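# What the coordinates show
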Amino acid sequence: MGYANCIVVNSTPENREVVAEAGHFYAKNDLRELSEKFSALIRDRDLVLRTRRISYARACEQFSWEQICGEYEKLFSALISGRK
C-alpha cells in the first residue's frame, strides 16, 4: 500500500482490517476467485489506478510513523498509569 500498488488479498479479518476499502479481496484461499480478480483488474486499468491511489492514501493516513508512534505512546502511557 505504501508503494501505491493495487492490493489483492485473502479475505481474512486481519487483511480486511488493514486494507479496508483500499484493495480487492477474494475468498480465503480460493484460487479460482483470485484468478478472476486478477483477470478483472487486467481488463480494467482505470480500476487499478483508482485502487492504487486509494491504497496509498490509506497507507499514509493510517500507517504513517507518526500515527503508529502516537498509538504506541498512548498504549505505553495507559500501561504506566495502570489503565488498559
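That block above? That's the structure.
Notes on the structure follow. What you see is a predicted model, and the numbers here were worked out from it, not measured in a lab. (Residues numbered from 1 in each chain as written. Predicted model: local features only at pLDDT ≥ 70, side-chain atom pairs only at ≥ 80, totals over all residues. Heavy atoms only, no water.)

## Overview of the pattern of salt bridges
What counts, and what does not: Salt bridge criterion: a side-chain nitrogen from Lys or Arg within 4 Å of a carboxyl oxygen from Asp or Glu. Strands are runs of DSSP state E lasting at least two residues, helices are runs of H or I lasting at least four, and both sets are numbered from the N terminus onward. Throughout, exposure labels follow a simple rule: accessible area from a 1.4 Å probe, protein chains only, divided by the maximum for the residue type, with under 20% read as buried, over 50% as exposed, and the rest as partly exposed.
Summed over all chains, the structure comprises two salt bridges. For R32, the salt bridge identified is with E36, shortest N-O distance 3.2 Å. Here the residue R32 and the residue E36 both occupy positions in helix α2 (residues 31-43), the gap between them amounting to four residues, near one helical turn. Judged by its relative accessible area of 42%, E36 falls in the partly exposed class. In this structure, E71 engages K74 in a salt bridge whose closest nitrogen and oxygen atoms are separated by 3.5 Å. One end of the pair is E71 and the other is K74, both in helix α4 (residues 65-81) and three residues apart, which spans about a single turn. A relative accessible area of 40% means that E71 is categorised as partly exposed.

## Focus: unusual backbone geometry
One non-glycine residue, A4, lies in the positive phi region at around 60°. Following the sequence through the fold, A4 ends up in the segment before β1 (7-10). Its identity as a non-glycine residue notwithstanding, A20 has a phi of 50°, on the positive side. Tracing the backbone through its elements, the reader meets A20 in the loop between α1 (13-19) and β2 (23-26). A residue is classified by how much of its surface remains accessible, and A20, at 27% relative accessible area, is partly exposed.

## Overview of helix α3 (residues 45-62)
Formally: The span expected for a helix works out to 1.5 Å for each residue beyond the first. What the arc covers is the set of directions going from the helix axis to the C-beta atoms. Only heavy atoms matter for contacts: two residues are in contact if any of them lie within 4.5 Å across the pair.
With 18 residues, α3 extends 26 Å between its outermost C-alpha atoms, agreeing within 8% with the 26 Å of an ideal straight helix rising 1.5 Å per residue. Listing the buried residues of α3 in full gives V48, T51, S55, R58 and A59. Down the axis of α3, the smallest arc covering the buried residues is 95°, so these residues share one side. α3 presents D46, R53 and E61 as exposed residues on the side facing more than 90 degrees away from its buried surface. Buried residues along α3 sit in contact with β1, α1, β2 and α2.

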